[in-house]
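Descriptive structure summary
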Amino acid sequence: MDSERILTQLRVDGYDIVGSYQDADVVVVNTCGFIDSAVAESLDTIGEALKENGQVIVTGCLGVHPEVIREQHPNVLAITGPQQYESVVAAVHKHVPIPEINPHLDLIPRSVTETGIKLTPRHYAYLKISEGCNHKCSFCIIPSMRGKLKSRNIADVMQEAQRLAAAGVKELLVIAQDTSAYGVDTKYETGEWLGTEYKTKFEDLCVALGRLGIWARLHYVYPYPHVDKVIHLMAEGKILPYLDIPLQHGSPSVLKRMKRPAAAVNTLERIKKWREICPEITIRSTFIVGFPGETDEEFQELLDFLEEAQLDRVGCFQYSPIEGATSNALENHVPDDVKEARWHKFMQTQQVISTAKLKEKIGTTQKVLVDEILEDVIIARSEADAPEIDGLVKIDPNPDVKVGEFYDVLIDEADEYDLYGKIVT
């Protein structure tokens, strides 16, 4: 989303976006600074850009620590932090003057539509509803990098969503650092869209999205009590029956050390109620193993949580220290070999669950959205599959199928992560 906004403004200013270092007058590197591995990858990318081009502007989360960047790469032209779009554009203006515009040819930059430049395929797009986060999770430094929660007014969000839908987007991926806290900072200020007044609030946003008639997928939803109020919208087909909830662990004592705003036992009860209201709901989550002080007993609690929750989609990370995170000061850091062993055990446990749940879909018909057509297979996703992080529906070749369109698929096979089938004609 940040990169799209920067690119859109640069195109509006008349710059061309090119695909190689050699063709560029300046390179903009958008960095991540959340975990050590991401910092290392960002620094490597900056180094590569300097080597291949030499004219480099750095932006993004790592930009809040310019000394880290300049220590390794003192020759970068400029460094800006996250959300500082104007500073990035100003830096480009400084080092590469704004191109002269032919008023007869370039009144509207040809590659910029009213939805801006998108880095995703035409048929799906990310819809960012807020920036920042008010939580103080001990392993996270997002608030220090991106600040406190800052929600966009619901009228602004829905106008963007409407433009995207009108431009052919079939699926909106709703994102934020904390999606279900949407509007808390603005005291749920109101906004008008299509003649109706809505509050800048999670539930109202879901109701409004349901009017668009396209897939709306909710990501990064903390399980606050008011999340329960949108499950009926999923059951009614207004928004996708899909919740991405970053639970992080299943042990109450570990969650307490993480300073997470949820308790594992209550979450299990609510997941059960969600499935009663909307049996087809897909629940995905992410977890951390090897958090400081995690005992064998606490890890077993996590495995027990997995077995009981029977989550559909799960990601898992080994705990990694992050500069500035308060969890660094906790005692009894878990050795790397133990973290590795626990990660494998976690993934083996979830793989069994995932395999069983996908096999239950054999013989069913699934509505899918086609992402890609290859020579020997069509790649699509069902309502249960977010792009890039979940599984796929792999379909037998069919000459009548088009990318970005919906089809019904009869599922005849499944493995640990993916479904296989044929187009229903």
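Residues numbered from 1 in each chain as written. Predicted model: local features only at pLDDT ≥ 70, side-chain atom pairs only at ≥ 80, totals over all residues. Heavy atoms only, no water.

**Quick notes on helix 6 (residues 154-166)**
For clarity, the cut-off: Helical segments are the DSSP runs of H or I of at least four residues, strand segments are the runs of E of at least two, and each set is numbered from the N terminus. In this analysis, the expected span of each helix is defined as 1.5 Å times one less than the number of residues it contains. Throughout this description, buried means an accessible area under 20% of the type-specific maximum (1.4 Å probe, protein chains only), exposed means over 50%, and partly exposed covers the range between. Contact between two residues is taken to exist if any of their heavy atoms lie within 4.5 Å; hydrogens are not considered. Whenever two N or O atoms come within 3.5 Å, that pair is a polar contact, provided that in protein one can donate a hydrogen and the other can accept it, and provided that, for residues adjacent in sequence, both atoms are side-chain atoms.
For helix 6, with 13 residues, the first-to-last C-alpha span of 18 Å sits near the 18 Å given by 1.5 Å per residue. Listing the buried residues of helix 6 in full gives Ile-154, Ala-155, Val-157, Met-158, Glu-160, Ala-161 and Leu-164. Close packing links the buried residues of helix 6 with strand 4 (124-128), strand 7 (171-175), strand 8 (190-193), strand 9 (196-199) and helix 7 (202-209). Where helix 6 begins, the capping side chain belongs to Asn-153, and its oxygen is found 2.8 Å from the backbone nitrogen of Ala-155.

**So, the sheet that holds strand 16 (residues 393-395)**
This is how the line gets drawn: Strands are labelled as partners when DSSP assigns at least two bridges between them. Axis definition: a line fitted to C-alpha atoms, limited for helices to the stretch in contact. Angles are taken between N-to-C directions and run from 0 to 180 degrees.
Taken in spatial order, the 5 strands of this closed barrel run 14-15-16-18-17, and their pairing is mixed. In this sheet, neighbouring strand axes are inclined to one another by 50° on average, regardless of whether the strands run parallel or antiparallel. As paired strands, strand 14 (residues 365-373) and strand 17 (residues 406-414) are joined by 5 bridges and run antiparallel to one another. Paired with Gln-366 across the strands is Val-409, a residue of strand 17.

**Some remarks on the nonpolar core**
Looking at soluble globular proteins, one finds that nonpolar side chains tend to be buried together. Rules: As used here, the term nonpolar core means buried Ala, Val, Leu, Ile, Met, Phe, Trp, Tyr and Cys residues forming a set that is joined through side-chain atoms within 4.5 Å.
Core analysis: the largest hydrophobic core is formed by 54 residues, its most contacted members being Leu-172, Leu-209, Leu-243 and Phe-346. Among the elements that line this core, the one with the most residues is helix 11 (residues 296-309), at 6 residues. Ignoring any residue separated from it by four or fewer positions in sequence, one finds Leu-172 in contact with Ala-125, Leu-127, Ala-161, Leu-164, Leu-209, Leu-212, Ile-214, Trp-215, Ala-216 and Arg-217.

**Description of the side chain of Thr-179**
Tracing the backbone through its elements, the reader meets Thr-179 in the loop between strand 7 and strand 8. In this structure Thr-179 comes out as buried when scored by relative accessible area, which is 0%. When neighbours within four sequence positions are excluded, Thr-179 is seen to be in contact with Ile-129, Val-174, Phe-202, His-219, Tyr-220 and Val-221.

**Let's talk about the packing of helix 11 against helix 12 (residues 336-359)**
The condition is simple: Angle categories are assigned with fixed cut-offs, so that under 35 degrees is roughly parallel, over 145 is roughly antiparallel, 65 to 115 is roughly perpendicular, and the rest are oblique. The crossing is said to be left-handed when, going from far helix to near helix, the turn is anticlockwise and less than a right angle, and right-handed when the turn is clockwise. Note on residue categories: nonpolar means Ala, Val, Leu, Ile, Met, Phe, Trp, Tyr, Cys or Pro, charged means Asp, Glu, Lys or Arg, and polar means any other residue, Gly included.
Relative orientation of the contacting elements helix 11 and helix 12 amounts to 15°, with a least axis distance of 10 Å. Here helix 11 is positioned roughly parallel relative to helix 12, judged by the angle of their axes. Along this stretch, helix 11 crosses helix 12, giving a crossing that reads as right-handed. Residue-level contacts link Asp-296, Phe-299, Leu-302, Leu-303, Leu-306 and Glu-307 of helix 11 to Arg-342, Lys-345, Phe-346, Thr-349, Gln-350 and Ile-353 of helix 12. Grouping the constituent residues of the contact of helix 11 with helix 12 by class yields 6 nonpolar, 2 polar and 4 charged.

**Observations concerning the sheet that holds strand 1 (residues 27-31)**
Here 3 strands make up an open sheet; going across it, the order is 1-2-3 and the pairing parallel. What marks the edges here is a single partner per strand, and that holds for strand 1 and strand 3 (78-79). In terms of strand pairing, strand 1 meets strand 2 (residues 56-60) through 5 bridges, oriented parallel. Within strand 2, the position partnered with Val-29 by the bridge is Val-58. This element, helix 2 (residues 36-52), spans strand 1 and strand 2 of the sheet and lies at about 175° to strand 1.

**A look at the pairing of strand 10 (residues 215-218)**
Side chains Trp-215 and Arg-217 project from strand 10 onto one buried face, and the interleaved Ala-216 and Leu-218 project onto a second face that is buried too. Where strand 7 lies against strand 10, 4 bridges are found, and the strand directions are parallel. In the sheet register, Leu-173 faces strand 10, and the bridge partner there is Arg-217.

**Side note on the confidence of the model for the chain**
Keep this limit in mind: A score from 0 to 100, pLDDT tells how confident the predictor is in each residue.
Model confidence for the chain is summarised by a mean pLDDT of 87, while 91% of its residues fall at 70 or above. Under a pLDDT of 50 for its full length, residues 101-115 has, in the predicted model, 16 contacts with residues more than four places off or in other chains.

**A closer look at the environment of Glu-388**
Structurally, Glu-388 can be placed in the loop between strand 15 (378-382) and strand 16. Overall, Glu-388 belongs to the exposed group, its relative accessible area being 72%. If sequence neighbours within four positions are ignored, Glu-388 has contacts with Tyr-124 and Tyr-126.

**Regarding the pairing of strand 4**
For strand 4, the tally of buried residues reaches 4 of 5 residues, placing the bulk of the element in the interior. As judged from the 5 bridges shared by strand 4 and strand 7, these two strands associate in the parallel manner. In the sheet register, Tyr-124 faces strand 7, and the bridge partner there is Glu-171.

**Concerning a negative patch on the surface**
The cut-off we apply is this: Like charges within 9 Å and nonpolar side chains (Val, Leu, Ile, Met, Phe, Trp, Tyr) within 5 Å are joined into patches, using only residues over 30% in relative accessible area that form no salt bridge. Accessible surface area values rest on a Shrake-Rupley calculation with a 1.4 Å probe, where residue burial reflects the displayed protein chains alone. Within this document, salt bridges are pairs made up of a side-chain nitrogen of Lys or Arg and a carboxyl oxygen of Asp or Glu, the two lying within 4 Å of each other. In this charge count, Lys and Arg are treated as positive and Asp and Glu as negative; neither His nor the chain ends contribute. Where a charge lies is defined by one atom per residue type: Lys uses NZ, Arg uses CZ, Asp uses CG and Glu uses CD.
A cluster of acidic residues, Glu-297, Glu-301, Asp-304, Glu-307 and Glu-308, forms a negative patch on the protein surface. Tracing the sequence through the fold places Glu-308 in helix 11. Judged by its relative accessible area of 58%, Glu-308 falls in the exposed class.

**Digging into the pattern of salt bridges**
Under the definition given, this model contains 21 salt bridges. With a shortest N-O distance of 3.4 Å, Glu-405 and Lys-170 are connected by a salt bridge. Within this pair, whereas Glu-405 is found in the loop between strand 16 and strand 17, its partner Lys-170 is found in the loop between helix 6 and strand 7, the two being separated by 235 residues in sequence. Between Glu-171 and Arg-217 there is a salt bridge; the shortest N-O distance is 2.7 Å. With Glu-171 in strand 7 and Arg-217 in strand 10, this residue pair connects regions lying 46 residues apart in the sequence. The network of salt bridges with common partners includes Glu-171, Arg-217, Asp-371 and Arg-381.

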